[in-house]
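Here is how the chains run, residue by residue.
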Amino acid sequence: MAPSIKEQVQLLKRGTIDILSQEELSQKLAEAAKTGRQLRIKLGLDPTSPDIHLGHTVVLRKMRQFQDLGHKAVLIIGDYTARIGDPSGQDKTRPMLSGEQIEKNAKTYFEQAGKILDTSENKLEVRYNGEWLSDLRLADIIKLTSNMTVARMLERDIFELRHKKGDPIGIHEFLYPLMQGYDSVIIKSDVELGGTDQTFNNLVGRDIQRVNGQAPQVVITMPILVGLDGQEKMSKSKGNYIGVTDEPNDMFGKVMSISDEMMENYFTLLTDLPGKKIAELTNPDKTHPKDAKVLLGKTIVTQFYNQAGAQSAAKQFEKVFAQKQLPDEMPEFKVASKPISAKQLLLSCKLVSTGGEAKRMVTQAAVSIDGKKITDPNAEITPKNGMVIQVGKRKFATLKVT
């Protein structure tokens, strides 16, 4: 038996910050149930980086809930808006990306989003907003900008802050919310999802839909997932993220590194556990924090891999961190027998991505070779067969001398 409209609203309300408006959402759901029409649920993702992390999945999971209720997800890859760069949360103008960068990043988005969404043709529509935005003429853009005043734009918190500080605001940045709103007109969006940093952009979409004779979309905002540092939002640029393509052991280990205070946020936004169960798990008088965190880690790894992978990751974590043993499996890298600097060795074993990161990890005493801490990034290391390199708590490699 299908859930009632009230039950659907309660399900969709879970974990949200705001629904603008809940009454309109109820009306749209009721109309869809009566007519059999699928609601069109919009989410825009600008391919400004090649990877999706768990912060992105908070909104994707909400989109999946709509799919499970019979509606269609419309995922918009912002290949055109990414050229401007969303000013949300930015205290300075974003650098413009090249077409090559955008195309390369966009290729990975569908595959990664598919780990959360139902990708069947009846449940998912993927569009690139370059389809319509690239065809706009100057007259069309002028008409679009006539729907918004400079005063309204300056009401936006980040623009207001930069204006007061005397920091530059590019005219092209004013175009971003207008273009995102125009996306809603083109795909005839019924509901738009986004983080709280997208509220202004999504409300502009409502305004532009009204001007174009469409019923305004319902705007649902989701909270920002806190990054591993427990302070700022999850972001690849800040290095405090868990990627959806992280290996099970790494994903589990990162979850285990979060603070106890962050668990309620993660359980609520990243799992389907009922609120009553979450309250029990995050109450130290009822559940030991480590046991709760292990369950959280297993649940998240299972979502992206499988239960066996989650169990294996938990077992590996216990062996490496609790029992201070080496992992059962480590990537093996072939190196020459001649001496090599510690910094270059880390790069050769792909344990870091840049020389700067290698230097930072060594100077922070986060690197050990065969159990001995290395503190000088230029220290000469003579590779040996079976030598174990460790960076931080979760990254290991072993050497094979050629």
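Look above for the structure.
Residues numbered from 1 in each chain as written. Predicted model: local features only at pLDDT ≥ 70, side-chain atom pairs only at ≥ 80, totals over all residues. Heavy atoms only, no water.

## Some points on the overall build of the protein chain
Item 1. Broken down by element type, the protein chain carries 17 helices and 13 strands.
Item 2. The globule rule puts the C-alpha radius of gyration for 402 residues at 21 Å, and the 24 Å found for the protein chain is close to it.
Item 3. Here the C-alpha coordinates of the protein chain stretch approximately 70 × 50 × 40 Å along the principal axes.
Item 4. Counting every position in the protein chain, which comprises 402 residues, the buried fraction comes to 47%.
Item 5. Sequence-distant contacts in the protein chain: of pairs separated by 6 or more residues, those separated by 24 or more amount to 72%. (Helix = DSSP H or I, 4+ residues; strand = E, 2+ residues; numbered from the N terminus. Rg over C-alpha atoms; globule rule 2.2 N^0.38 Å. Buried < 20%, exposed > 50% of the residue type's maximum accessible area, 1.4 Å probe, protein only. Contact = heavy atoms within 4.5 Å.)

## Examining the side chain of R61
Item 1. Within the secondary structure, R61 sits in helix α3 (residues 54-68).
Item 2. Under the relative-accessibility criterion, R61 is labelled buried at 14%.
Item 3. Within the local environment of R61, its side chain forms a polar contact with the backbone oxygen of L269, the two atoms lying 3.3 Å apart.
Item 4. Once residues lying within four places of it in the same chain are set aside, the contact partners of R61 are I116, L269, L270, T271, D272 and Q303. (Polar contact = N/O pair within 3.5 Å; in protein donor to acceptor, adjacent residues only side chain to side chain.)

## Some words on the nonpolar core
Item 1. Judged by nonpolar contacts, the single largest core of 59 residues is most densely connected at L25, L54, I220 and Y266.
Item 2. Core analysis: the next-biggest nonpolar cluster, separate from the first, contains 22 residues, V335, C349, V367 and I389 among them. (Core = buried A, V, L, I, M, F, W, Y, C linked by side-chain atoms within 4.5 Å.)

## Regarding the packing of aromatic side chains
Item 1. Inspection of the entire model under this criterion finds 1 aromatic pair.
Item 2. On the numbers, 5.7 Å between centres and 70° between planes, the contact of F252 with F317 is edge-to-face. Residue F252 is found in helix α11 (residues 248-256), and its partner F317 is found in helix α15 (residues 307-322); the two are separated by 65 residues along the sequence.
Item 3. Look at F252 and you get buried, because its relative accessible area is 1%. (Phe/Tyr/Trp six-rings, centres within 6.5 Å; stacked < 30°, edge-to-face > 60°.)

## So, helix α1 (residues 5-13)
Item 1. Turning to α1, its buried residues are Q8, V9 and L12. Angularly, the buried residues of α1 cover 100° about the axis, an arc narrow enough to put them on a single face.
Item 2. Contacts from the buried residues of α1 go to α2 (22-35) and α3.
Item 3. Trailing α1 by a residue or two, G15 shows a phi angle of about 75°, which is positive. (Arc of directions from axis to C-beta.)

## Here we look at the pairing of strand β2 (residues 40-45)
Item 1. By the criterion of burial, β2 is predominantly enclosed, with 5 of the 6 residues buried.
Item 2. One ladder, built from 6 bridges, connects β2 with strand β3 (residues 72-77); its direction is parallel. Within the sheet, the bridge partner assigned to L45 lies in β3 and is I77.
Item 3. Relative to strand β5 (residues 191-195), β2 runs parallel, the two being bridged by 2 bridges. (Pairing = 2+ DSSP bridges.)

## A word on the layout of surface pockets
Item 1. Here the largest pocket is characterised by a volume of approximately 1800 Å³.
Item 2. Counting only elements with at least two residues in the lining of the largest pocket, the list comes to α11, α15, α17 (355-363) and β13 (395-401).
Item 3. Looking at the lining of the largest pocket, the element that brings in the most residues is α15, giving 8 residues. (1 Å grid on protein atoms, 1.4 Å probe; cavity = no way out; pocket = protein on both sides within 12 Å on 5 of 7 lines; lining within 4 Å. Points joined across faces, edges and corners; volume = space filled by probe spheres on them.)

## Comments concerning the environment of G166
Item 1. Looking at where G166 falls in the secondary structure, it is placed in the loop between α8 (157-165) and α9 (171-187).
Item 2. Residues G166 and P274 lie 108 residues apart in sequence; the distance between their C-alpha atoms is 47 Å.

## Notes on the packing of helix α12 (residues 263-270) against helix α14 (residues 289-304)
Item 1. For the pair α12 and α14, interaxial distance at closest approach is 11 Å and the crossing angle is 30°. Relative to α14, α12 is oriented roughly parallel. Taken as a pair, α12 and α14 cross one another with a handedness that is left-handed. Between α12, through M263, Y266, F267 and L270, and α14, the contact on the second element is made entirely by P289, A292, K293, L296, I300 and Q303.
Item 2. For the contact of α12 with α14, the class distribution of residues is 8 nonpolar, 1 polar and 1 charged. (Axes fitted to C-alpha atoms, helices over the stretch in contact; angles between N-to-C directions. Parallel < 35°, antiparallel > 145°, perpendicular 65-115°, else oblique. Left-handed = near helix turned anticlockwise from the far one by under 90°. Nonpolar A, V, L, I, M, F, W, Y, C, P; charged D, E, K, R; others polar.)

## Re unusual backbone geometry
Item 1. In this chain, L20 is followed by S21 through a cis amide linkage whose omega measures 0°.
Item 2. In this fold, S21 is placed in the loop between β1 (18-20) and α2.
Item 3. Positive phi, normally seen in glycine, also occurs at K350, with a value near 55°.
Item 4. Residue position: K350 is located in the loop between α16 (342-348) and α17.
Item 5. On the basis of relative accessibility, which here comes to 66%, the residue K350 falls in the exposed class.
Item 6. Phi at A365 takes a positive value of approximately 60°, unusual for a residue other than glycine.

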